[in-house]
Every structure is written in C-alpha cells, then in structure tokens.
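# Fold and geometry: a report
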Amino acid sequence: MEWFAGGSVFVLLVALVHLLRKNRELANMRSLCVDYFSPSDEVKKTLLKGLTERFRRERAKDSKYDFAHFVARVLAAGLGGSTSVTKQTGDLGVNIEHQRADGLHLIQVKCVNEPIDFEPIAIIHSRMVKTKAAGGCVVTCGTFTPAARSYADETGIQLIDGHRLVDLWLQNVTLKTEAWDAHVKSPAKGHRTGVQEA
C-alpha cells in the first residue's frame, strides 16, 4: 500500500513539473506574440490606409454613414459614454451625438486623406454653442491644417486625426483581448468583465 501512495505522489510531482514547464512555455510564446504584434507606426499606417479605403469604397455605394457608425463605436469604447449617429439628411454638420458623463458632445466625421481646414470646426462650434453642448469634436482619417488646429485650440473643439483614431481603435481591441484573457483565466466562467462590446 505504501508503494502505491509513493507512486501516486511521484506521478503527481511529475505532472506538476510538466504543468509548470508548459505554463512557462505558454507565457514565453504569449510574450513573443505581444512583441511581434505590437502596433508599430508602420502597422498603424497600414491600418489607417485600410480604413480609409474601406470607407471610401462604402461611401461610393451611398452608405457614407458606415464611417460614422465605426467612429461612434470607437469613441464610445475609447472615451466612454453612449453614441448615436444622426440621420443622413438634416444633420446640420453633426454626424454623431456622444453622451458622456460631462454632457453631450457633437461630432463631425470626415473620411478623407486631405488635410481638413477650419470650416468643419467652425460648423461644430456653431452647433455646439446653439445647442449648449458640453463639447465638440471633428474626426478624420487624414490630418488637420495648422489653421484648423489653431482654430480648434481657440474654440475648445477636440480634433482626432487618423493616427489618433487608429490608436483609440487599437486600445479597444487591447481592452477586449485583456477582458477575454481575464475571462478565460477566471475560475468563475461567465462573470462579467465590465467591457462593453463596440
């Protein structure tokens, strides 16, 4: 009987050592994957180009508001709050209404590569003042001219260029990945992680 107990302990120790080695290998592989897939500037540029081309093609199919829906999901996930895309006609320059803790923010989106001048910022600022909104924002796949940046600073309008948009999108992907990892590692499967789907 003692040899059976000793043999069982030996088998359990061998299994434990094997499990620890596999966990170490998995951690090393996960680290390599994170290093390999960390978004470099080149990866971000490629993602931005892909987004721009995708939504330009969609716009050609007369569904230009797909970009607005994408931006609304990214902003809600990245900045919190809830978003709604306005109707295509009669939006008066406001494509998204973003309700945050500090109030309503009005957002205009531009799916273009060319630098955006101050005109969309002036429109959002005008709508913001008229509706007494807490803030305003202009989002583009491209960049903003120096005059646009200067005007936005004066009026308090937030600018999100293509690179910042990709950063917010990747943050959301990272949060979802971390939430999934926490869920998988959790002893209580199915508990809520607090991350909302975008």
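The rules behind each value
- Residues numbered from 1 in each chain as written.
- Predicted model: local features only at pLDDT ≥ 70, side-chain atom pairs only at ≥ 80, totals over all residues.
- Heavy atoms only, no water.
- Core = buried A, V, L, I, M, F, W, Y, C linked by side-chain atoms within 4.5 Å.
- Buried < 20%, exposed > 50% of the residue type's maximum accessible area, 1.4 Å probe, protein only.
- Helix = DSSP H or I, 4+ residues; strand = E, 2+ residues; numbered from the N terminus.
- Contact = heavy atoms within 4.5 Å.
- Patch = residues over 30% accessible without salt bridge, like charges linked within 9 Å, V, L, I, M, F, W, Y side chains within 5 Å.
- Areas by Shrake-Rupley, 256 points an atom, 1.4 Å probe, with all protein chains shown as cover.
- Salt bridge = Lys/Arg side-chain N within 4 Å of Asp/Glu carboxyl O.
- Pairing = 2+ DSSP bridges.
- Axes fitted to C-alpha atoms, helices over the stretch in contact; angles between N-to-C directions.
- Expected span 1.5 Å × (residues − 1).
- Arc of directions from axis to C-beta.
- Polar contact = N/O pair within 3.5 Å; in protein donor to acceptor, adjacent residues only side chain to side chain.
- pLDDT = per-residue confidence, 0-100.

## Brief notes about the nonpolar core
- Judged by nonpolar contacts, the single largest core of 22 residues is most densely connected at F67, F70, V71, V109, V139 and L165.
- Counting only elements with at least two residues in this core, the list comes to α2 (41–60), α3 (65–79), β3 (103–110), β4 (135–140) and α6 (162–185).
- With seven residues, the single largest contributor to this core is α3.
- Apart from the residues lying within four places of it in its own chain, the contact partners of V71 are I96, V109, V139 and L165.

## Observations concerning a nonpolar patch on the surface
- A cluster of nonpolar side chains, contributed by V9, L13, L16, L19 and L20, occupies part of the molecular surface with about 450 Å² of accessible area.
- Of note, V9 is situated in helix α1 (residues 2–37).

## A few points about the sheet that holds strand β1 (residues 82–85)
- Judged by pairing direction, the sheet is mixed, and its five strands sit side by side in the order β1-β2-β3-β4-β5 without closing on themselves. Both outer strands of the open sheet, β1 and β5 (158–160), are each paired with one neighbouring strand and no more. The sheet shows a mean angle of 20° between the axes of neighbouring strands, direction not considered.
- Of the strand pairs in this sheet, β4 and β5 are connected by three bridges, and their pairing is parallel. Note that in β5 the partner of V139 across the bridge is I160.
- Here helix α4 (residues 119–131) sits on the sheet in contact with β3, β4 and β5, set at roughly 160° to β3.

## Notes on α4
- With 13 residues, α4 extends 18 Å between its outermost C-alpha atoms, agreeing within 8% with the 18 Å of an ideal straight helix rising 1.5 Å per residue.
- Among the residues making up α4, those that are buried are P120, I121, I124, R127 and M128. Around the axis of α4, the buried residues are gathered within 130° of arc, so they sit on the same side. Away from its buried face, by an angle of more than 90 degrees, α4 presents the exposed residues E119, V129 and K130.
- Elements that come into contact with the buried residues of α4 comprise β3, β4, α5 (146–155) and β5.

## Topic: the side chain of N95
- Relative to the assigned elements, N95 resides in the loop between β1 and β2 (96–100).
- Here the side chain of N95 touches V109 through a polar contact of 2.8 Å, landing on its backbone nitrogen.

## Considering the confidence of the model for the protein chain
- Across the protein chain, the average pLDDT comes to 80, with 72% of residues at or above 70.
- pLDDT under 50 marks residues 189–198. Its contacts with residues more than four places away, or in other chains, come to 17 contacts.

## Topic: unusual backbone geometry
- The backbone of K132 sits at a positive phi, close to 60°, despite the residue not being glycine.
- The residue K132 is located in the loop between α4 and β4 in this model.

## Here we look at the side chain of T86
- Tracing the chain through its elements places T86 in the loop between β1 and β2.
- Given a relative accessible area of 17%, T86 falls into the buried group.
- Of note is the side chain of T86, whose polar atom sits 2.6 Å from the backbone oxygen of V94.

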